[in-house]
4 protein chains.
Amino acid sequence: MDFPDINLAAGPVEISPRVSMAMARPVLYHYDPSFIELYKRIDEKLKKAFLTKHDIIIQQGEAILGLEAAAHSCIAPGDKCLNLVTGVFGKWFEDFIIAAGGTVIELKKEYNESITEEDVREAFRKNPDIAVMSVVHSETPSGTVNPVDKLCPIVKEHGAITIVDTVSGVFGSELRPDDWGIDVCITGPQKCLGAAPGLSIACISPDAWAKMEKSSAPANSYMSFTDWKSKWIENSAFPYTPSVSLLYGLDEALSMLLEEGIESVWERHALSARMCRAGIKGMGLNLWPASEDIAADCCTAFKTPEGVDSKAFRDTLREKWKLMIVTGYGELAPHVLRIGHLGHTAKPLYVLSALALVGKALLDSGVSVDVGKGIDSALAEL
Amino acid sequence: MDFPDINLAAGPVEISPRVSMAMARPVLYHYDPSFIELYKRIDEKLKKAFLTKHDIIIQQGEAILGLEAAAHSCIAPGDKCLNLVTGVFGKWFEDFIIAAGGTVIELKKEYNESITEEDVREAFRKNPDIAVMSVVHSETPSGTVNPVDKLCPIVKEHGAITIVDTVSGVFGSELRPDDWGIDVCITGPQKCLGAAPGLSIACISPDAWAKMEKSSAPANSYMSFTDWKSKWIENSAFPYTPSVSLLYGLDEALSMLLEEGIESVWERHALSARMCRAGIKGMGLNLWPASEDIAADCCTAFKTPEGVDSKAFRDTLREKWKLMIVTGYGELAPHVLRIGHLGHTAKPLYVLSALALVGKALLDSGVSVDVGKGIDSALAEL
Amino acid sequence: MDFPDINLAAGPVEISPRVSMAMARPVLYHYDPSFIELYKRIDEKLKKAFLTKHDIIIQQGEAILGLEAAAHSCIAPGDKCLNLVTGVFGKWFEDFIIAAGGTVIELKKEYNESITEEDVREAFRKNPDIAVMSVVHSETPSGTVNPVDKLCPIVKEHGAITIVDTVSGVFGSELRPDDWGIDVCITGPQKCLGAAPGLSIACISPDAWAKMEKSSAPANSYMSFTDWKSKWIENSAFPYTPSVSLLYGLDEALSMLLEEGIESVWERHALSARMCRAGIKGMGLNLWPASEDIAADCCTAFKTPEGVDSKAFRDTLREKWKLMIVTGYGELAPHVLRIGHLGHTAKPLYVLSALALVGKALLDSGVSVDVGKGIDSALAEL
Amino acid sequence: MDFPDINLAAGPVEISPRVSMAMARPVLYHYDPSFIELYKRIDEKLKKAFLTKHDIIIQQGEAILGLEAAAHSCIAPGDKCLNLVTGVFGKWFEDFIIAAGGTVIELKKEYNESITEEDVREAFRKNPDIAVMSVVHSETPSGTVNPVDKLCPIVKEHGAITIVDTVSGVFGSELRPDDWGIDVCITGPQKCLGAAPGLSIACISPDAWAKMEKSSAPANSYMSFTDWKSKWIENSAFPYTPSVSLLYGLDEALSMLLEEGIESVWERHALSARMCRAGIKGMGLNLWPASEDIAADCCTAFKTPEGVDSKAFRDTLREKWKLMIVTGYGELAPHVLRIGHLGHTAKPLYVLSALALVGKALLDSGVSVDVGKGIDSALAEL
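On a predicted model such as this, the values are computed, not experimentally measured, just so you know.

As a further point, take the packing of helix α3 (residues 63-74) of chain B against helix α4 (residues 88-99) of chain B. All names here are of chain B. Viewed as axis vectors pointing N to C, α3 and α4 meet at an angle of 40 degrees, and their least axial separation amounts to 8 Å. Viewed along their axes, α3 and α4 adopt a mutual orientation that is oblique. In the crossing of α3 with α4, the sense of the turn from one axis to the other is right-handed. Residues I64, L67, E68, A71 and H72 of α3 form the contact with α4, whose participating residues are W92, F93, F96, I97 and A99. Per-class residue counts for the contact of α3 with α4 are 8 nonpolar, 1 polar and 1 charged.

A few words now on the nonpolar core. Core analysis: the biggest nonpolar cluster contains 209 residues, and F50(C), F225(C), L250(C), L46(D), F50(D), F225(D) and L250(D) have the highest contact counts within it. Once residues within four sequence positions are removed from consideration, L250(C) is found in contact with I42(C), L46(C), I58(C), P189(C), L193(C), A195(C), L199(C) and I201(C). Within the second largest apolar cluster, 207 residues are counted, among which are A69(A), W92(A), I97(B) and A217(B).

Residues and elements named next belong to chain B. A sheet is described by the order of its strands in space; here 7 strands give the open sequence β2-β10-β9-β8-β5-β3-β4, paired in mixed fashion. Two strands lie at the open edges of the sheet, namely β2 (55-59) and β4 (103-108), each paired on one side alone. Averaged over all pairs of adjacent strands, the angle between their axes in this sheet comes to 20 degrees, without regard to strand direction. Relative to strand β10 (residues 200-204), strand β9 (residues 184-187) runs antiparallel, the two being bridged by 4 bridges. For V184, the partnering residue across the bridge sits in β10 and is I204. Along the sheet face, helix α2 (residues 33-49) touches β2 and β10 and points at about 120 degrees away from the line of β2. Lying on the sheet, helix α9 (residues 225-235) is in contact with β2, β9 and β10; it crosses β2 at an angle near 110 degrees.

This part covers the pattern of salt bridges. Counted under the stated rule, the structure contains 133 salt bridges over all chains. For K322(A), the salt bridge is made with D2(A), and the minimal N-O distance between the two is 2.9 Å. With K322(A) in the loop between α12 (310-321) and β12 (323-324) and D2(A) in the segment before β1 (6-7), this residue pair connects regions lying 320 residues apart in the sequence. Note that D2(D) and R318(D) form a salt bridge whose closest N and O atoms lie 3.1 Å from each other. Here the residue D2(D) occupies a position in the segment before β1 (6-7), and R318(D) occupies one in helix α12 (residues 310-321), the gap between them amounting to 316 residues. Using a relative accessible area of 38% as the deciding quantity, one classes D2(D) as partly exposed.

Our focus in this paragraph is the packing of aromatic side chains. As enumerated under the stated definition, the model contains 64 aromatic pairs over all chains in all. Judged by centre distance (5.5 Å) and plane angle (50 degrees), the ring pair of Y31(A) and F238(A) falls under tilted. Residue Y31(A) is found in the loop between α1 (17-23) and α2 (33-49), and its partner F238(A) is found in the loop between α9 (225-235) and α10 (244-260); the two are separated by 207 residues along the sequence. By relative accessible area, F238(A) is classed as buried at 4%. On the numbers, 5.9 Å between centres and 90 degrees between planes, the contact of F93(D) with F96(D) is edge-to-face. Of this pair, F93(D) and F96(D) both sit in helix α4 (residues 88-99), separated by 3 residues, roughly a single helical turn. Each member of the pair F93(D) and F96(D) is classed as buried. Site record: aromatic cluster; members linked through ring pairs are Y29(A), Y31(A), F35(A), Y39(A), Y222(A), W228(A), W232(A), F238(A) and Y240(A).

Let us now look at the interface of chain A and chain B. With 57 residues of chain A at the interface, the matching set in chain B holds 57 residues. Taking both partners together, chain A and chain B bury about 4,400 Å²; carbon and sulfur atoms supply 64% of that area. Remark: the boundary between chain A and chain B carries 2 salt bridges. Between D32(B) and R318(A) there is a salt bridge whose closest N-O contact spans 2.6 Å. Elements with a minimum of two residues in the side of chain A that touches chain B: α1, α2, α3 (63-74), α4 (88-99), α10 and α12 of chain A. Its residues assigned to classes, the side of chain A that touches chain B comprises 33 nonpolar, 14 polar and 10 charged.

Turning to the interface of chain B and chain D, a few remarks are in order. If you look at the interface, chain B gives 4 residues, while chain D gives 4 residues. Each partner contributes to the roughly 340 Å² buried at the junction of chain B and chain D, and carbon and sulfur atoms together form 90% of this total. On the chain B side of the interface with chain D, the three residues burying the most area are P17(B), M21(B) and P26(B), jointly 81% of the side's total. Linking chain B with chain D are 0 salt bridges. Counting every contact that joins chain B to chain D gives 0 residue pairs in polar contact (both at pLDDT 80 or more). Residues that form the side of chain B that touches chain D fall into these classes: 4 nonpolar, no polar and no charged.

Glancing now at the sheet that holds strand β14 (residues 336-340) of chain A. Sheet strands pair by backbone hydrogen bonding; their relative direction is either parallel or antiparallel. Residues and elements named next belong to chain A. Strand order in the open sheet formed by 3 strands is β11-β14-β13, and the pairing between neighbours is antiparallel. Strands with a single pairing partner mark the edges of an open sheet, and in this sheet they are β11 (299-303) and β13 (326-327). Each of β11 and β14 touches helix α11 (residues 262-283); the most contacted strand, β11, lies at about 15 degrees to it.

Now for the relation of the copies chain A and chain B. Between chain A and chain B, the superposition needs a rotation of 180 degrees and an axial shift of 0.0 Å, giving an RMSD of 0.0 Å. What we have between these two chains is a two-fold relation. By C-alpha distance to the rotation axis, the residue of chain A lying nearest is G61(A), at 2.4 Å. Take the interface residues of chain A: 100% of them recur as interface residues in chain B, which is what a same-surface contact looks like.

In this section: the pairing of strand β10 (residues 200-204) of chain C. Residues and elements named next belong to chain C. Across the 5 residues that make up β10, a large majority, 5, are buried. Here strand β2 (residues 55-59) runs beside β10; their pairing, made up of 5 bridges, is antiparallel. Considered in β10, the bridge of I58 is made with I201.

Moving on, we come to helix α12 (residues 310-321) of chain C. An α-helix turns once per 3.6 residues; consequently, residues spaced three or four apart project the same way. For α12(C), spanning 12 residues, the distance from its first C-alpha to its last is 16 Å, which sits close to the expected 16 Å at 1.5 Å a residue. Those residues of α12(C) that sit buried are S310(C), F313(C), R314(C), L317(C), R318(C) and W321(C). Looking straight down α12(C), one finds that the buried residues subtend no more than 135 degrees of arc, so they occupy a single side. Where α12(C) is buried, its residues touch α13 (348-364) of chain B, β12 (323-324), β13 (326-327), β14 (336-340) and α13 (348-364) of chain C together with α2 (33-49) of chain D. Once α12(C) finishes, K322(C) follows within two positions and takes phi at roughly 55 degrees, a positive value.

Once that is clear, we can look at the packing of helix α11 (residues 262-283) of chain C against α13(C). Residues and elements named next belong to chain C. Axis separation between α11 and α13 bottoms out at 9 Å; the angle between their running directions is 20 degrees. When the interaxial angle is binned, α11 and α13 end up roughly parallel. Of the two possible hands of crossing, α11 and α13 adopt the one that is right-handed. In this structure, α11 contributes L271, S272, M275, C276, G279, I280 and M283 to the contact, and α13 contributes P348, V351, L352, L355 and G359. Grouping the amino acids of the contact of α11 with α13 by side-chain chemistry returns 9 nonpolar, 3 polar and no charged.

Reading guide: rules and limits
Residues numbered from 1 in each chain as written. Chains lettered and ligands numbered in written order. Predicted model: local features only at pLDDT ≥ 70, side-chain atom pairs only at ≥ 80, totals over all residues. Heavy atoms only, no water. Axes fitted to C-alpha atoms, helices over the stretch in contact; angles between N-to-C directions. Helix = DSSP H or I, 4+ residues; strand = E, 2+ residues; numbered from the N terminus. Parallel < 35°, antiparallel > 145°, perpendicular 65-115°, else oblique. Left-handed = near helix turned anticlockwise from the far one by under 90°. Contact = heavy atoms within 4.5 Å. Nonpolar A, V, L, I, M, F, W, Y, C, P; charged D, E, K, R; others polar. Core = buried A, V, L, I, M, F, W, Y, C linked by side-chain atoms within 4.5 Å. Buried < 20%, exposed > 50% of the residue type's maximum accessible area, 1.4 Å probe, protein only. Pairing = 2+ DSSP bridges. Salt bridge = Lys/Arg side-chain N within 4 Å of Asp/Glu carboxyl O. Phe/Tyr/Trp six-rings, centres within 6.5 Å; stacked < 30°, edge-to-face > 60°. Buried area = accessible area lost by both parts, 1.4 Å probe. Polar contact = N/O pair within 3.5 Å; in protein donor to acceptor, adjacent residues only side chain to side chain. Least-squares fit on C-alpha atoms with pLDDT ≥ 70 in both. Expected span 1.5 Å × (residues − 1). Arc of directions from axis to C-beta.

Here is the structure:
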């Protein structure tokens with residue numbers, strides 16, 4: 001197999017050798033005493049990493065599973081659901097609301113903008129009986145963030161439940177579920193945590209559990225949060241077989257996070273993002289987000305220059321210099337290129353080589369950029 | 001972490017170092033050209049290993065996900081569903097039928113017996129309009145098998161759809177979906193294939209696809225088969241992020257299977273099973289299955305001797321000699337002990353040490369067994 | 001590559017996954033601060049594991065390098081050297097004595113016997129001016145031990161220097177260099193420590209250093225002990241590039257040894273050896289050592305039965321059942337078979353399957369053995 | 001353990017995950033049929049990689065072992081030995097000549113220069129009876145090369161034997177032992193091959209064997225070439241235990257080399273070197289080699305700027321940004337800094353980030369450099 005020398009996608013992204021190695025440990029039976037102990041240890045570490053006292057549930061599938069499960073668990077048929085849309089993933093959640101029987105109230109902005117407090121207040125003025133609000137914290141395809149610290153408290157004032165997709169947000173930037181009124185937030189290991197994809201991590205508040213109980217959320221299903229509550233949380237039993245090897249990797253990535261310090265990890269992401277944005281602008285390129293204030297810490301999205309084909313450009317870097325970056329996702333693909341700096345790759349080392357090679361490839365494509373100035377600008381942030 | 005020296009559970013079970021190592025490869029972005037190529041290669045290998053021309057779908061979660069998806073996809077509200085029950089997993093499937101809106105017609109036997117052709121014919125005589133039949137090929141908790149090669153063709157004669165849970169059956173014993181009239185069969189990597197848990201593999205016939213189309217099977221869901229068809233099979237696009245590292249392991253385990261030869265792998269499982277049963281009987285213990293004809297090749301279930309506590313016994317072996325075996329599952333736990341011999345562990349080497357140490361631990365518990373005779377009997381099969 | 005399922009050679013022998021994984025860590029530059037720290041930590045762990053306050057030197061080559069270095073360093077031209085010979089390795093040391101300019105005084109026994117205190121006293125009576133005594137602690141090819149705890153003090157009474165080849169002795173059985181008057185002892189990681197081959201570990205007393213100084217032991221050589229003293233011990237500088245990856249494995253194996261407890265590890269080796277000997281005798285086979293009192297804890301040597309070709313027998317086990325055992329070494333090859341139980345493999349689990357499969361293969365070769373009785377006898381020791 | 005994100009030392013250097021993983025394979029007994037096969041395969045691959053029909057010997061210790069062995073084997077007492085000295089390693093070889101009993105004739109240049117054909121011709125004019133010439137192909141500490149393609153044929157015209165230290169030369173730049181009259185050349189895996197340190201690889205011509213035979217080169221020693229000839233080459237027997245795990249890594253690294261193509265690997269090293277030199281000069285720094293014509297492809301040595309402490313500077317990069325570069329070696333340490341680009345790290349990706357971070361750290365140290373211009377200059381070579 002041919003591997004890139006560095007995978008700077010926006011996830012799944014390069015993971016550290018330490019996390020890779022962990023996944024190669026012998027496979028334990030899931031009721032082996034060592035495995036039960038490991039699982040409990042992961043639970044404790046996740047609570048620390050999430051700065052939460054809420055319950056943690058690890059579902060054995062990609063984070064989309066958790067997002068769908070959140071909709072199915074927390075939305076009762078007929079519930080009015082305010083869905084904030086600032087990108088592809090926000091729009092996607094609509095499907096889950098509909099499948100759960102909810103009524104969608106969309107609050108949509110351009111895919112390079114973000115939602116404000118006033119937007120949400122206005123939505124509640126129009127629909128005071130909104131039962132659930134869903135929002136993407138970090139819209140990876142757009143490289144933008146929504147201010148969930150400000151939006152969720154407003155929702156809670158109205159007694160509604162908040163569902164936050166923080167797949168590429170948490171661990172790469174501040175998130176305080178308990179303080180910010182987040183009832184359910186979902187992430188996966190393959191983003192800012194720097195582990196391998198295949199797990200979904202949910203952080204669930206007492207209010208969310210109460211809502212599920214009231215609306216008899218589905219049980220006996222791969223998609224059920226309540227199965228994990230009644231079996232794992234209350235009885236140390238697994239509803240089905242956990243993904244042993246991925247959990248080894250998750251455990252190790254969490255150790256690394258806690259050893260480094262949560263705030264240091266946030267700062268490392270923020271620094272990489274600042275350098276990357278400065279480099280992009282310094283070269284003479286344009287950022288995709290409408291304003292730097294709403295730019296994400298996990299990846300930098302910039303506008304694909306005139307005359308460049310996003311996908312072909314990505315493939316050239318991969319083929320010639322074994323560097324993997326990515327295009328925008330879905331409808332944004334032709335317009336956006338993205339450099340990931342998240343998890344293990346949120347470091348000056350990788351940002352700098354990505355900037356230099358992206359610059360060189362643009363020069364080779366006939367785009368006029370000043371690579372040296374880009375690097376100097378990036379270094380000025382360091 | 002403390003690991004057993006050998007994990008002879010009935011899954012997840014010890015995997016070979018070669019498969020372990022594969023999982024430690026660098027994490028690729030899922031649209032990296034190398035990953036797309038890998039995924040297609042896995043697809044081809046799975047078709048060979050399944051001896052099928054049917055479509056293959058790999059869902060990114062444990063095999064239970066695939067089983068639940070099979071129910072949701074293939075059972076339309078109101079469908080009469082014949083559910084064969086000879087153990088815990090067969091009974092479990094009932095929940096999925098009900099959730100999918102099907103009407104359950106149960107055909108149940110004692111949990112140490114199996115279903116016969118006549119049982120199924122009789123069921124169809126009573127309910128000729130059965131739309132779907134579901135059966136567990138290898139009931140791991142009971143250590144028994146159902147003759148799906150004989151049962152499924154009967155069902156097909158009646159124009160119904162067959163769903164086969166062959167999680168611990170296929171690769172450890174013969175299975176021919178195309179020849180035997182199996183419309184949907186589901187397995188996972190953590191059993192006879194000898195890889196890590198976390199994936200669900202489905203083999204889906206044209207009849208099954210037709211049924212799904214007719215009944216508008218759910219789409220836009222983690223549980224959807226049709227999403228994988230319309231996205232992956234038809235467009236080489238992923239409905240969501242695949243479990244990159246687990247797929248590395250799956251790929252390597254499939255290479256090993258095909259290098260060894262499918263029939264040799266079946267024979268290796270059968271030999272291990274014969275040795276294990278001979279050893280258990282030779283020692284003076286009683287097999288759990290009512291007859292050896294229906295004993296599974298993946299694990300040997302035997303009756304927990306009078307006066308022995310299954311779970312405490314299991315824990316003693318784990319603690320004293322770092323050997324992991326397992327009890328029965330669910331309601332069978334107090335009555336049954338099981339030695340796994342599947343995937344990487346389906347080898348005389350492991351069967352022999354398991355027999356000797358199980359024997360020794362029983363002696364230490366005051367049970368009168370003739371360990372030497374057990375070993376001699378096992379070796380006589382070699 | 002085709003691997004045996006278990007490598008029960010007498011070294012290099014199967015290592016634990018934990019040690020394997022350690023060797024896959026990223027390669028550090030040898031003056032990276034993390035590497036310097038690692039090297040110092042290994043040094044400390046080795047002192048603990050050797051129960052010594054003497055200096056430790058790790059040479060970057062197999063233990064033979066250390067043995068040759070010991071001769072070159074400690075033997076001055078003209079020195080009378082008493083070389084104890086009870087097997088192939090003892091005899092081999094003669095070459096190094098001669099190359100170093102020493103005069104060989106051989107004290108030789110049959111290769112299934114061992115040296116007694118009286119033998120040594122007698123040698124000194126004849127040659128009171130012996131300057132150096134060399135002895136193999138555990139003669140792996142013969143599966144026997146020499147009582148170095150008793151022999152070395154006698155030598156020290158006469159003011160001579162003792163060189164002990166404890167390659168397969170230390171860590172698998174008691175060794176106390178400081179208390180027993182051992183001036184230089186040499187081992188490697190691939191025996192009772194359960195790590196990979198490629199390093200030589202020497203434990204060197206003040207008397208040995210004094211002798212080297214007096215006789216101006218060679219410097220500026222890959223074979224020099226004094227280079228390591230003047231560079232590493234005194235200045236934290238390496239005389240040449242250390243084997244980074246092997247040292248990762250050594251470090252991890254030492255951690256495992258110290259976590260388990262040195263005495264527990266001795267007892268685990270002794271138990272495995274007792275079980276193996278009981279099994280061999282119980283089956284009706286004959287041990288190679290003249291007496292069980294002098295049988296080694298690292299491997300069990302038994303007489304190749306009449307009509308069996310040692311090498312072909314070994315190959316059959318390897319090919320049919322993926323079990324690696326070994327023949328005797330050198331001239332003992334046709335007469336001796338050996339089952340290793342050292343390091344990671346010094347466990348009942350492996351001894352039992354080895355006994356059963358060796359028994360089966362002998363039955364297949366027409367040798368009449370009672371395998372069941374062998375297993376029962378082995379279990380009686382457990 | 002704390003690891004740098006990238007180790008750009010001049011060896012041991014970062015290795016690829018593929019080579020790392022290989023070292024974690026199960027440890028085989030050295031006479032396991034799979035190991036014998038592996039060893040022979042490595043031998044064949046080495047012949048291809050060395051473009052040679054000469055014999056290959058792998059000694060189980062760092063390359064210094066091979067260099068010392070070359071001196072001991074090929075130099076008879078009294079032999080006149082022309083030792084070319086253009087750096088620390090060339091000077092070091094003098095010790096081995098003296099220990100072997102040879103008479104040293106030194107041909108020395110400044111440590112930033114290299115030897116010319118005329119220098120060698122002149123030496124032979126003065127001493128036509130020179131028996132052996134020794135030269136370092138790539139003087140890693142100086143970042144310079146000697147033109148062995150031109151020098152060795154001159155020596156062969158005079159019937160003398162050539163010993164070439166190509167530890168950091170071969171595989172990173174052209175070397176043709178058979179065509180260029182190189183009798184013994186030595187390398188190790190930790191340089192341009194991108195594997196882990198701990199082995200020494202020698203390529204030995206018929207003339208060299210003849211010389212050894214004539215002068216009765218030492219046998220029965222860890223340092224003996226002839227032991228490997230009489231045992232391994234002629235009898236497939238090992239003189240002592242090989243370093244199993246390191247050989248796994250060597251094998252994998254050779255596969256990667258041959259898959260990529262030997263000439264492509266040379267070109268990759270040359271490109272990385274050109275980029276690095278252009279970047280260094282573009283920033284406004286000074287290369288250490290007197291002329292770019294003699295600059296090595298394996299690493300770029302540049303003058304430590306006024307007011308900068310080499311070692312403290314190296315440590316800063318390591319600590320702040322997890323980048324390992326190195327100072328000069330020995331007496332060159334205070335005057336020289338070096339960026340390695342060899343083996344796995346000989347790639348634009350790593351050169352670019354090294355240049356940017358070195359530049360930034362110099363700016364932080366108060367040295368006036370134009371980092372952007374350095375990057376632009378480097379990219380101009382790409």
